[in-house]
2 protein chains.
Amino acid sequence: MTSTTTTGQERKAPGRPRNAQADEAILDAVLTLMAEGQSAAAVSIESVAAKAGVGKATIYRRWPNKEALLIDAVRSMKGPIPELAGVSARADLIAMVTANRSSRVQEFGKVTACLLPELMKDEQLRQMHHAVMEPRREVMREILRRGIASGELRADLNIELTLLMLSGPSMAQGLFGTETGVPLEEFPVVLVDALLRGAAA
Amino acid sequence: MTSTTTTGQERKAPGRPRNAQADEAILDAVLTLMAEGQSAAAVSIESVAAKAGVGKATIYRRWPNKEALLIDAVRSMKGPIPELAGVSARADLIAMVTANRSSRVQEFGKVTACLLPELMKDEQLRQMHHAVMEPRREVMREILRRGIASGELRADLNIELTLLMLSGPSMAQGLFGTETGVPLEEFPVVLVDALLRGAAA
């Protein structure tokens, strides 16, 4: 329950390892069902329980309802917000882009793109998702503001557009399956450098 | 039928205005149903006919099946490929980004993000979508190649990554509803300039 009520915080690792394993199996089951083509509306606590190999009561002990479970499944695709060195905007942006592209994002990225519009229709879900995402976006805004203040970044940078330029390419790649020739683990460095240096000669 | 079999070509305006109106009403009905939350699987020729106020036969005269209709609905969200001046990569990229963000994209952008993963599961649909999108992507690649050759763009530009940086921000904006403070009609100019100049001071 803490994971859904502590808005804006990363999930705490449960005290007992068996709980953590069950949590992961349950969240994986949600994402796998959606990756197999089920819509958010079609996913049920019953189908998740069956897929995860747990009882429905195990799910209800952790999440009050399906909506809270879906939000946590989206959240689980992100790594934790990293400790930032604070030395350069470049290094901090690379750390954040890396954290936002966890291995789960690679595997389930298409699910998010399809799930988000459905979640956004519901005001409560929209607010829960906002609570998960906004702290990450605010960390990135702060990196950009510090970079402008230090003179590393352009004074006239559009911060919100820059956030879209840091998140959009990964999203488009997940949807289209584009091959950029860049190894997955190097993608954040290559993207941030392309953004910083610009395409002009 | 030409619209689905003439792969990679823009739709020809039908000779009779009433056909064009019916076409538009039918494609709008598909997009509206999906914007209302129906999955691609749930959309039926019956529901499209009812929504568009036409008979099923009118739809079947134009599209052989639902899949062809869905592909055309995606295609209808893009403007035609524009005539390019060929003077600068900057101007040509702005023209292409503008064409790819038609008013329909603004209205139905979330539909595409959700529809694409579903379309991509089917090999025939994947190929049809490829036939619609790849000519546009190839035009943009050619603009970038010419810009590199003319010295306007960096010699070491990653062309596929640059395509993602041109398409991804619009997609992320559609999904998240981010407010960048940039008027919609100026977005292509602002995005292309941000990409060209880079964020570094």
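In this report, the structure presented in the accompanying data block is examined. (Residues numbered from 1 in each chain as written. Chains lettered and ligands numbered in written order. Predicted model: local features only at pLDDT ≥ 70, side-chain atom pairs only at ≥ 80, totals over all residues. Heavy atoms only, no water.)

Residues and elements named next belong to chain B. Taken as a whole and judged by the stated rule, the model has 25 salt bridges over all chains. Here Arg145 and Glu138 are joined by a salt bridge, their closest N and O atoms 3.1 Å apart. In this structure Arg145 comes out as partly exposed when scored by relative accessible area, which is 34%. Since its relative accessible area comes to 33%, Glu138 is described here as partly exposed. (Salt bridge = Lys/Arg side-chain N within 4 Å of Asp/Glu carboxyl O. Buried < 20%, exposed > 50% of the residue type's maximum accessible area, 1.4 Å probe, protein only.)

This part takes up the packing of helix 6 (residues 89-100) of chain A against helix 10 (residues 187-197) of chain A. Residue and element names in this part refer to chain A. Close contact between helix 6 and helix 10 brings their axes to 9 Å; oriented N to C, the two are set at 135°. In terms of orientation, helix 6 and helix 10 fall into the oblique class. Between helix 6 and helix 10 the crossing geometry is right-handed. Every residue of helix 10 that contacts helix 6 at Arg90, Leu93, Ile94, Val97 and Thr98 is listed here: Pro188, Val189, Leu191, Val192, Asp193 and Leu196. (Axes fitted to C-alpha atoms, helices over the stretch in contact; angles between N-to-C directions. Helix = DSSP H or I, 4+ residues; strand = E, 2+ residues; numbered from the N terminus. Parallel < 35°, antiparallel > 145°, perpendicular 65-115°, else oblique. Left-handed = near helix turned anticlockwise from the far one by under 90°. Contact = heavy atoms within 4.5 Å.)

Here we take up the relation of the copies chain A and chain B. Put simply, the two copies of the chain differ by a rotation about an axis and a shift along that axis. Each copy superposes on the other: chain A lies on chain B with an RMSD of 0.1 Å after a rotation of 180° and an axial shift of 0.0 Å. Read as a symmetry element, the transformation amounts to a two-fold axis. Looking at the interface residues of chain A, 100% of them are also at the interface in chain B, so both copies use one shared face. (Least-squares fit on C-alpha atoms with pLDDT ≥ 70 in both.)

A few words on the side chain of A:Ser170. Inspection of the secondary structure assignment puts A:Ser170 in helix 9 (residues 159-176). Apart from the residues within four sequence positions on either side, A:Ser170 is in contact with A:Arg101 and A:Phe187.

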